[in-house]
Amino acid sequence: MSNIKVVYWSGTGNTQMMADKIAEGIQAAGKTADVLSVDAVAASDLAEEKAFALGCPSMGVEQLEEGEMEPFMCDLEGQLKGKKVVLFGSYGWGNCEWMDDWVERCENAGATVIGGEGITVLGEPDDEVNEELLEAGKELATL
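Residues numbered from 1 in each chain as written. Predicted model: local features only at pLDDT ≥ 70, side-chain atom pairs only at ≥ 80, totals over all residues. Heavy atoms only, no water.

### Re the overall build of the chain
Here is step 1 of the chain: Looking only at helices and strands, the chain features four helices and six strands.
Here is step 2 of the chain: Its C-alpha radius of gyration of 13 Å places the chain within 12% of the 15 Å reference for a compact globule of 143 residues.
Here is step 3 of the chain: Summarising its shape, the C-alpha atoms of the chain cover approximately 35 × 35 × 25 Å along the three principal directions.
Here is step 4 of the chain: Relative to its 143 residues, the chain shows a buried fraction of 48%.
Here is step 5 of the chain: The long-range fraction of contacts in the chain, counting pairs at least 24 apart against all pairs at least 6 apart in sequence, stands at 79%.
Here is step 6 of the chain: Carbon and sulfur atoms provide 43% of the accessible area of the chain, an area that totals close to 6700 Å².
Here is step 7 of the chain: Both charge centroids of the chain, one from 9 positive and one from 28 negative side chains, sit 12 Å from each other. (Helix = DSSP H or I, 4+ residues; strand = E, 2+ residues; numbered from the N terminus. Rg over C-alpha atoms; globule rule 2.2 N^0.38 Å. Buried < 20%, exposed > 50% of the residue type's maximum accessible area, 1.4 Å probe, protein only. Contact = heavy atoms within 4.5 Å. Areas by Shrake-Rupley, 256 points an atom, 1.4 Å probe, with all protein chains shown as cover. Lys, Arg positive; Asp, Glu negative; His and termini not counted. Charge placed at Lys NZ, Arg CZ, Asp CG, Glu CD.)

### Describing the nonpolar core
Here is step 1 of the chain: If you look at the biggest cluster of nonpolar residues, it comprises 27 residues, and the most contacted ones within it are Leu54, Phe72, Met73, Leu76, Leu80, Leu87 and Trp102.
Here is step 2 of the chain: Of all the secondary-structure elements, those providing two or more residues to this core are β3 (51-55), α2 (69-76), β4 (84-91) and α3 (97-108).
Here is step 3 of the chain: For this core, the element with the highest residue contribution is α3, accounting for five residues.
Here is step 4 of the chain: Leave out the neighbours within four places in its chain, and leucine 87 touches Leu54, Met99, Trp102, Val103, Cys106, Val113, Gly118 and Ile119.
Here is step 5 of the chain: Counting residues in each nonpolar core, the second largest holds 21 residues, with Val6, Phe88, Ile119 and Val121 among its members. (Core = buried A, V, L, I, M, F, W, Y, C linked by side-chain atoms within 4.5 Å.)

### Looking at the environment of threonine 15
Here is step 1 of the chain: Tracing the chain through its elements places threonine 15 in helix α1 (residues 14-28).
Here is step 2 of the chain: Here threonine 15 falls in the buried class, since its relative accessible area comes to 1%.
Here is step 3 of the chain: It is 20 Å that separates the C-alpha atoms of threonine 15 and leucine 46, two residues lying 31 residues apart in sequence.
Here is step 4 of the chain: With near-sequence residues (within four places) excluded, threonine 15 lies in contact with Tyr8, Trp9, Ser10, Gly55, Cys56, Pro57, Phe88, Gly89 and Ser90.
Here is step 5 of the chain: A distance of 3.1 Å separates a polar atom in the side chain of threonine 15 from a polar atom in the side chain of serine 90. (Polar contact = N/O pair within 3.5 Å; in protein donor to acceptor, adjacent residues only side chain to side chain.)

### Structural notes on the pattern of salt bridges
Here is step 1 of the chain: As enumerated under the stated definition, the model contains five salt bridges in all.
Here is step 2 of the chain: Here lysine 5 makes a salt bridge to glutamate 49, at a shortest N to O gap of 3.4 Å. Placement of lysine 5 in strand β1 (residues 4-8) and of glutamate 49 in the loop between β2 (33-37) and β3 is noted, with a sequence separation of 44 residues between them. With respect to class, lysine 5 is no different from glutamate 49; both count as buried.
Here is step 3 of the chain: Between lysine 138 and glutamate 135 there is a salt bridge; the shortest N-O distance is 3.4 Å. With lysine 138 and glutamate 135 both in helix α4 (residues 127-142) and three residues apart, this pair spans about one turn of that helix.
Here is step 4 of the chain: Taking the relative accessible area as the measure of exposure, lysine 138 reaches 32% and is therefore partly exposed.
Here is step 5 of the chain: Judged by relative accessible area, which is 39%, glutamate 135 ranks as partly exposed.
Here is step 6 of the chain: Sharing partners across several salt bridges, the network here consists of Glu70, Glu77 and Arg105. (Salt bridge = Lys/Arg side-chain N within 4 Å of Asp/Glu carboxyl O.)

### Considerations on α1
Here is step 1 of the chain: Along its 15 residues, α1 runs 21 Å from first to last C-alpha, staying within 8% of the 21 Å computed at 1.5 Å per residue.
Here is step 2 of the chain: In this structure, the buried residues of α1 make contact with β1, β2, β3, β4, β6 (119-122) and α4.
Here is step 3 of the chain: Looking one or two places after α1, you find glycine 30, whose phi comes out positive at around 90°. (Expected span 1.5 Å × (residues − 1).)

Coordinates in, geometry out; function isn't part of it.
Structure, rendered in structure tokens:
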């Protein structure tokens, strides 16, 4: 596998911090991570990858960011079969329905979501969430 890609969209910086922590876990496990803003990558860039991470905060009425991440996901869905994916994101309110929907969407497209659920945090990542992100990065590096 080439570098493990961690693709994200972040409005306030919280989801970017989460992406960086996953990359730290990947690197701690001896692999190289590419942390990429979703506007710098195309869905086709993940076509040959067997495992990667995707991050987006909850937006609006508990949905993915509509300008960049949602169109990216629409393009990516047809390529998810057989992929292993870590999903992550922050939120400011609500009950994480956007993440539950995102996990279901990826699984319906044939992906395996590592851990069976996404990694979420209210606001800025705390120590507990940072540890979970590190472990997810390490797991990605073993696939």
